[in-house]
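An overview of the molecular structure
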Amino acid sequence: NHVTLVMGCFEGISDCLWIAHYKLFKSWKDEREMQQRIEARRALHKKMTLEPRDDWTLHEIARYTGSDPELPILTAIDGEVYNVWRGSEWYGPEGPYHSIAGRDSTRFLAKQILEEEEDDGQPLDAMEIDTLNGWKEHFNFKYDKIGKLRDDGDAPALSETTTAAACRPAVRSDGLASSVQLAESREDAATIRKAMAAVRDDDGTSAGNQVRRWVIHKEAHCARLISRVQEMLLALDPESPGYTEGLLQLQAVQQAAMKCKQTCEETVVDGLCAALDRLG
């Protein structure tokens, strides 16, 4: 009995030691793997980072399409060059926006197209400039700006995007929507609703590019609506009697538009339309 008891104790101690050893080994292994992932991420970031410069040419950025995994992905927008390697799932060879990688994508984004054949060749109008500005805000927030595109005559001809502010409707002194702004905002909401419905109704038989176009179309109109609301927020007069109410109404429209960028649910665009109705 004593021998059995002693043997049982030894077995128990052995099991405890084995479990402790296993846990220590697993902890060491997990920590080592995490450190390896961190080091790999740092190495990738270093490899994909390019020094900013103000003399990029279209010929130079054409090699940065994501086809070479050792190189980052670049695109140019309205004279600015962006490194979008962090969005390789969108702009890489298998991504839906790969057609704008390694080139000047200004007209593609402004006109909401993915192929050169879809470009009507016309100068950008006021609505397209607003759409472009919405995309520029998106890229400025999400990706690294690495310099400017050199004006050497090989860039596509554009309308005067630097004078985009002159193309926008005037803002009322109280900061709320003018009749023109409200009408344009409702048109944006209607387009957003139509795009959402097209995406929801897709049964998988449509061409992949068609669905992506609807998604791009929706996001562009959301961005334009958000940009318009931001202008009105900046124009609000803190001394005006209706400042607080106007601030809340505009913020409600902005939040609803942001939600529309993230989903295709009809109830969300219903909320956007309701928020616009409260503006006037």
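Residues numbered from 1 in each chain as written. Predicted model: local features only at pLDDT ≥ 70, side-chain atom pairs only at ≥ 80, totals over all residues. Heavy atoms only, no water.

**Topic: the packing of helix H6 (residues 179–201) against helix H9 (residues 266–279)**
We apply this condition: Fitted lines through C-alpha atoms give the axes, limited to the stretch in contact for helices. The angle between two N-to-C directions lies from 0 to 180 degrees. A run of H or I in DSSP becomes a helix once it reaches four residues, and a run of E becomes a strand once it reaches two; helices and strands are each numbered from the N terminus. The cut-offs work like this: below 35 degrees is roughly parallel, past 145 is roughly antiparallel, 65 to 115 is roughly perpendicular, and the gaps in between are oblique. Note on contacts: a residue pair qualifies if any of its non-hydrogen atoms lie within 4.5 Å across the two residues. When residues are sorted by character, Ala, Val, Leu, Ile, Met, Phe, Trp, Tyr, Cys and Pro go into the nonpolar class, Asp, Glu, Lys and Arg into the charged class, and all the rest, Gly among them, into the polar class.
Two elements in contact, H6 and H9, have axes separated by 10 Å at closest approach and are oriented at 170°. The pairing of H6 with H9 is recorded here as roughly antiparallel in orientation. On the side of H6, the interface is formed by Leu182, Ser185, Arg186, Ala189, Ile192, Arg193, Met196 and Arg200, while H9 contributes Glu266, Val269, Asp270, Leu272, Cys273, Leu276, Asp277 and Leu279. Residues of the contact of H6 with H9, tallied by class, amount to 9 nonpolar, 1 polar and 6 charged.

**What to know about the sheet that holds strand S3 (residues 80–83)**
Keep this limit in mind: The criterion for strand pairing is that DSSP finds at least two bridges linking the strands in question.
What the 4 strands build is an open sheet, ordered S1-S4-S3-S2; its pairing is mixed. Taken across any chain shown, the strands that pair with only one partner, and hence form the sheet edges, are strand S1 (53–56) and strand S2 (74–77). Here the strands of the sheet are splayed against their neighbours by 40° on average, with no regard to which way each runs. Here helix H5 (residues 126–142) sits on the sheet and contacts S2, S3 and strand S4 (144–149); the angle it forms with S2, its principal contact strand, is near 140°.

**Digging into the packing of aromatic side chains**
Within a pair of aromatic rings, the relevant descriptors are the distance that separates the centres and the angle that separates the planes. Put simply, the rule is: Ring pairs shown here join Phe, Tyr and Trp side chains whose ring centres sit within 6.5 Å, with only the six-membered ring taken for Trp; geometry is labelled stacked below 30 degrees between planes, edge-to-face above 60, and tilted in between. For the exposure calls, accessible area comes from a 1.4 Å probe over protein chains only, and a residue counts as buried if that area is under 20% of its type's maximum, exposed if over 50%, partly exposed in between.
Applying the stated criterion to the full structure yields 9 aromatic pairs. Look at Phe25 and Trp28: their rings are 5.9 Å apart centre to centre, the planes differ by 35°, and that puts the pair in the tilted class. Here Trp28 and Phe25 lie together in helix H1 (residues 2–48), a separation of 3 residues that amounts to about one turn. Looking at Phe25, the relative accessible area reads 43%, which means it is partly exposed. Classification of Trp28 as partly exposed rests on a relative accessible area of 48%. Ring geometry for Trp90 versus Tyr97: centroids 5.9 Å apart, planes at 25°, classification stacked. The exposure class of Tyr97 is buried, given its relative accessible area of 9%. An aromatic cluster of three or more residues is present, and its members are Tyr82, Trp90, Tyr91, Tyr97, Trp135, Phe139 and Tyr143.

**Considerations on the pattern of salt bridges**
Here is the rule: The working definition used for a salt bridge is a side-chain nitrogen of Lys or Arg within 4 Å of a carboxyl oxygen of Asp or Glu.
If you walk through the whole model with that rule in mind, you get 19 salt bridges. With its nearest N and O atoms 3.2 Å apart, the salt bridge here joins Glu70 to Lys47. Remark: Lys47 occurs in helix H1 and Glu70 occurs in the loop between helix H2 (58–61) and S2; sequence separation between them is 23 residues. The class of Glu70 is partly exposed, set by a relative accessible area of 47%. Assessed through its relative accessible area of 37%, Lys47 is described here as partly exposed. For Arg228, the salt bridge is made with Asp188, and the minimal N-O distance between the two is 2.9 Å.

**Some remarks on the environment of Glu265**
Residue placement: Glu265 occurs in the loop between helix H8 (243–262) and H9. With relative accessibility at 46%, the residue Glu265 sits in the partly exposed group.

**Remarks on H6**
What counts here: What a helix should span is 1.5 Å times the count of its residues minus one.
Compared with the 33 Å implied by 1.5 Å per residue over 23 residues, the 33 Å span of H6 between its first and last C-alpha is a close match. Inspection of H6 places Gln181, Leu182, Ser185, Asp188, Ala189, Ile192, Ala195 and Met196 among the buried residues, and these make up the whole buried set.

**A few points about the state of the cysteines**
A covalent bond bridging the sulfur atoms of two cysteines is what the word disulfide describes. We apply this condition: Note that a disulfide, as used here, is simply two cysteine sulfur atoms within 2.5 Å.
Under the criterion given, the structure shown has 0 disulfides. Its sulfur unpaired, Cys273 is 7.9 Å from the next cysteine sulfur, which belongs to Cys260.

Purely geometric stuff here, so don't read any function into it on its own.
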